[in-house]
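So the chains spell out like this:
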Amino acid sequence: MVAARALLFWALVYSYCGVCACIAGLRLLWSIGRRPGETFRWVVRENPPACLNDPSLGTHCYVRIKDSGLRFHYVAAGERGKPLMLLLHGFPEFWYSWRHQLREFKSEYRVVALDLRGYGETDAPSHKESYKLDCLIADIKDILESLGYNKCVLIGHDWGGMIAWLVAICYPEMVTKLIVVNFPHPSVFTEYILRHPSQLIKSGYYFFFQMPWFPEFMFTLNDFKVLKSLFTSQATGIGRKGCRLTAEDIEAYLYVFSQPGALTGPINHYRTIFRSRQAAFGC
């Protein structure tokens, strides 16, 4: 029975991966047919926009983890010694997504906005196995200790929300408060997605990202049109007036993700999700 369920599960994963790849391929052909000259345009941003070095957001810092040897980049605001608020971003984001929270909470907390493993200025291991959930959970535990804390207010959004859930499950003594935005409890999410086809379709990128190199390639088309659309379109962008991303904000994301190889680390997070979820729950 267990073997049959596992077979059905992997059949679903790879079948839906194939469907998503076919849809992406058709979109690629459509783009080439309409604007062949624009489709493969990819501009690497050489200089960061000024907003990424805004001193009001905090100080850029680095910490090297002993066990993994990886160097993590983060931006910190607020006085040392205050309670720690640790912020974990989602995909496709980086520390800058927490710019408003860095300003808002620095009077009461030592606020740390992290670049997750493989993102931004944090080291990006080349092997996808280095992005298993147990590695991501260990990152947060080790960073917390390296910063000189044994507990924190942990806040996560999207993919960072899932990591936050798992850290709280595995190391509850380290989390004084848990705030998760836009990600349900992992067990609930797994059950829900398998029972509701509409959510399965919305989460299709999980399956599409199982493919090597092709997802990164699709993101670069038309000078990262997909990335821009994620933040500005009516379907997925910020709809509230006064809160929408400015042109400089968009350039900040383009600067980070237009660098050669910058998308592989973030997408590698998803490439191990189906194999590492069960192991992560074992802590």
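As the structure is a computational prediction, the values presented were derived from the model and not from experiment.

Enquirer: Let's hear about the nonpolar core: which residues, and what values?
Expert: One finds Leu88, Phe94, Trp95, Tyr96, Ile140, Leu154 and Trp159 to be the most contacted residues of the largest nonpolar core, which totals 85 residues. The element that contributes the greatest number of residues to this core is helix H5 (residues 159-170), accounting for 8 residues.

Enquirer: So what's going on with the pairing of strand S4 (residues 110-114)? Which residues, and what values?
Expert: In terms of burial, S4 is largely enclosed, as 5 of its 5 residues are buried. Burial along S4 is two-sided: Arg110, Val112 and Leu114 facing one way and Val111 and Ala113 facing the other are all buried. Pairing between strand S2 (residues 71-77) and S4: 4 bridges, direction antiparallel. Pairing of Ala77 across the sheet is with Val111, part of S4. Where strand S3 (residues 84-88) and S4 come together, 5 bridges link them in parallel fashion. Directly across from Leu84, in S4, lies its bridge partner Arg110. The handedness of the S3 to S4 crossover, carried by helix H3 (residues 99-105), is right-handed.

Enquirer: Summarise helix H9 (residues 214-232); cite the residues concerned and give the values.
Expert: Taking 1.5 Å per residue, 19 residues should reach 27 Å; H9 reaches only 23 Å between its end C-alpha atoms and comes up short. Every buried residue of H9 is listed here: Phe214, Pro215, Glu216, Met218, Phe219, Thr220, Leu221, Asn222, Asp223, Phe224, Leu227 and Phe231.

Enquirer: Account for the pairing of S2, with residues named and values stated.
Expert: Side-chain positions along a regular strand alternate between the two faces of the sheet. In terms of burial, S2 is largely enclosed, as 6 of its 7 residues are buried. Bridge count for strand S1 (residues 59-64) against S2 is 6 bridges, and the pairing is antiparallel. Residue Arg64 lies in a different strand from S2, and its bridge partner there is Arg71. Between the antiparallel neighbours S1 and S2 lie 6 residues, among them Gly69 with a positive phi of about 80 degrees.

Rules behind the numbers
Residues numbered from 1 in each chain as written. Predicted model: local features only at pLDDT ≥ 70, side-chain atom pairs only at ≥ 80, totals over all residues. Heavy atoms only, no water. Core = buried A, V, L, I, M, F, W, Y, C linked by side-chain atoms within 4.5 Å. Buried < 20%, exposed > 50% of the residue type's maximum accessible area, 1.4 Å probe, protein only. Helix = DSSP H or I, 4+ residues; strand = E, 2+ residues; numbered from the N terminus. Pairing = 2+ DSSP bridges. Right-handed = clockwise from strand over helix to strand, strands pointing away. Expected span 1.5 Å × (residues − 1).

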